[in-house]
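An overview of the molecular structure
Chain by chain, the residues:
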Amino acid sequence: VQLQASGGGLVQAGGSLRLSCAVSGGTLNRLSMAWFRQAPGKEREFVSAIKWSSETSYTDSVKGRFTISRDSAKNTVYLRMNTLKPEDTAVYYCAAGTGIIMSTMNRAGAYVYWGQGTLVTVSS
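Keep in mind that what you see is a predicted model, and the values were worked out from it rather than measured.

Some thoughts on the overall build of the protein chain
- Counting secondary structure elements, the protein chain contains 0 helices and 11 strands.
- Its helices and strands in sequence order give the protein chain the pattern β-β-β-β-β-β-β-β-β-β-β, from N to C terminus.
- Its C-alpha atoms give the protein chain a radius of gyration of 13 Å, within 12% of the compact-globule value 14 Å for 124 residues.
- Considering only C-alpha atoms, the protein chain reaches an extent of 40 × 25 × 25 Å along its principal axes.
- The buried share among the 124 residues of the protein chain stands at 44%.
- The long-range share in the protein chain, meaning contacts at least 24 apart out of those at least 6 apart in sequence, stands at 58%.
- Total accessible area on the protein chain is roughly 6200 Å²; 47% of this is exposed by carbon and sulfur atoms.

With respect to the sheet that holds strand S3 (residues 17-24)
- Overall, antiparallel pairing links the 4 strands, which are arranged S1-S3-S8-S7 in an open sheet. At either end of the open sheet lies a strand with only one pairing partner, and these are strand S1 (2-6) and strand S7 (66-71). Going across the sheet, the axis of each strand differs from the next one's by a mean of 15°, ignoring polarity.
- The sheet contact formed by S1 and S3 spans 5 bridges and is antiparallel.

Brief notes about the environment of Thr-104
- Within the fold, Thr-104 resides in the loop between strand S9 (90-97) and strand S10 (113-114).
- Residues Thr-104 and Val-47, 57 residues apart in the sequence, show an inter-C-alpha distance of 13 Å.

What to know about the state of the cysteines
- Throughout the structure, instances matching the rule amount to 1 disulfide.
- Residue Cys-21 pairs covalently with Cys-94 via a disulfide, S to S 2.2 Å. Sign of the S-S torsion, about 65° for the bond between Cys-21 and Cys-94, identifies this disulfide as right-handed. Here Cys-21, found in strand S3, pairs with Cys-94, found in strand S9; they are 73 residues apart in sequence, far enough to count as distant.
- The class of Cys-21 is buried, set by a relative accessible area of 0%.

Reading the values: rules and limits
Residues numbered from 1 in each chain as written. Predicted model: local features only at pLDDT ≥ 70, side-chain atom pairs only at ≥ 80, totals over all residues. Heavy atoms only, no water. Helix = DSSP H or I, 4+ residues; strand = E, 2+ residues; numbered from the N terminus. Rg over C-alpha atoms; globule rule 2.2 N^0.38 Å. Buried < 20%, exposed > 50% of the residue type's maximum accessible area, 1.4 Å probe, protein only. Contact = heavy atoms within 4.5 Å. Areas by Shrake-Rupley, 256 points an atom, 1.4 Å probe, with all protein chains shown as cover. Pairing = 2+ DSSP bridges. Axes fitted to C-alpha atoms, helices over the stretch in contact; angles between N-to-C directions. Disulfide = S-S within 2.5 Å.

The quantities given are spatial measurements derived from coordinates; they are silent on function.
Listed below in structure tokens is the structure:
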């Protein structure tokens, strides 16, 4: 399974971006997908996940602002990010795995496949 993340860029605070994660070599319907991010000097942290059953999970700091979704026909997962804040600045990584239960969706170690990351910079 290969993951290709895209859609990052520079945006002003309050703006929006949509990240995409294209999946190849695997069937999206059998994968749980997630977005993690890593800010400079900080550890990688969970942002959002969507299970193969379409259940979703978000970290508290993005609830109400970010929306994860998937398009099975395009084998792509999206992260719509609204009302962006400077503290959202980070490299965003998409990840994929199988057999992940909801209680572990926020753990990086639960995911086997990782994309290369896309940089999101939010200016104040």
